[in-house]
Amino acid sequence: MARRTETRGAAIAVLLSFAAAGCATTEQVRDSGRAGEYQISCGYFAWYICYEKADQLCSGGYKVVSESEEHFGGRKLRVSCQGAK
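Notes on the structure in this doc start here. From a predicted model like this one, the values you see are computed outputs, not experimental measurements.

**Structural notes on helix 2 (residues 47-57)**
Working note: α-helix, 3.6 residues per turn, so residues spaced by three or four point in the same direction. Those residues of helix 2 not exposed but buried are Ile-49, Cys-50 and Ala-54. Looking down the long axis of helix 2, one finds its buried residues gathered within 140° of arc, a one-sided arrangement.

See below:
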């Protein structure tokens, strides 16, 4: 019986991690003067959610411009994609 509960718990954990990964939103920053700059909001989830989204956006790599954690706004990561023109 305990085995079934462990399997169910693992399945729920996997589903929640996929759901969390889909919660990151991205906005292209146009007023920075640099092409390929994005602000990624990952809510109150872990930072790795933002970094995974940055990996998806910037296949050639990226530079972190800033990280911020706001009380009511959650976590935000601003990146500049390498090789963007």
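**A few points about the pattern of salt bridges**
Within this structure, the stated rule accounts for three salt bridges. The partner of Arg-78 in a salt bridge is Glu-37, and the shortest N-O contact between them spans 2.6 Å. Note that Arg-78 is positioned in strand 4 (residues 74-81) and Glu-37 in strand 2 (residues 37-41), a separation of 41 residues in sequence. For Arg-78, a relative accessible area of 21% puts it in the partly exposed group.

**Considerations on the nonpolar core**
Core analysis: the largest hydrophobic core is formed by eleven residues, namely Ala-24, Tyr-38, Ile-40, Cys-42, Ile-49, Cys-50, Ala-54, Cys-58, Leu-77, Val-79 and Cys-81. Contributions of two or more residues to this core are made by strand 2, helix 2 and strand 4. Not counting residues up to four positions away in its chain, the partners in contact with Ala-24 are Ile-40, Ser-41, Cys-42, Ile-49 and Lys-53.

**Focus: the side chain of Arg-75**
Mapped onto the elements, Arg-75 comes out in strand 4. Using a relative accessible area of 17% as the deciding quantity, one classes Arg-75 as buried. At a separation of 3.4 Å, a polar atom in the side chain of Arg-75 contacts the main-chain carbonyl oxygen of Tyr-44. Sequence-distant contacts of Arg-75, that is, excluding residues within four places in its chain, are made with Ile-40, Ser-41, Cys-42, Gly-43, Tyr-44, Phe-45, Ala-46, Trp-47, Cys-50, Ser-68 and Glu-69.

**Some points on the state of the cysteines**
If you walk through the whole model with that rule in mind, you get two disulfides. The residue that forms a disulfide with Cys-42 is Cys-50, at a sulfur-sulfur distance of 2.0 Å. A torsion of -95° about the S-S bond marks the disulfide between Cys-42 and Cys-50 as left-handed. Looking at Cys-42, the relative accessible area reads 0%, which means it is buried. Across a sulfur-sulfur distance of 1.9 Å, Cys-58 and Cys-81 are joined as a disulfide pair. Judged by the torsion about the S-S bond (-55°), the Cys-58/Cys-81 disulfide is left-handed. Here Cys-81 lies in strand 4 and Cys-58 lies in the loop between helix 2 and strand 3 (62-70), a separation of 23 residues in the sequence.

Rules and cut-offs
- Residues numbered from 1 in each chain as written.
- Predicted model: local features only at pLDDT ≥ 70, side-chain atom pairs only at ≥ 80, totals over all residues.
- Heavy atoms only, no water.
- Buried < 20%, exposed > 50% of the residue type's maximum accessible area, 1.4 Å probe, protein only.
- Helix = DSSP H or I, 4+ residues; strand = E, 2+ residues; numbered from the N terminus.
- Arc of directions from axis to C-beta.
- Salt bridge = Lys/Arg side-chain N within 4 Å of Asp/Glu carboxyl O.
- Core = buried A, V, L, I, M, F, W, Y, C linked by side-chain atoms within 4.5 Å.
- Contact = heavy atoms within 4.5 Å.
- Polar contact = N/O pair within 3.5 Å; in protein donor to acceptor, adjacent residues only side chain to side chain.
- Disulfide = S-S within 2.5 Å.

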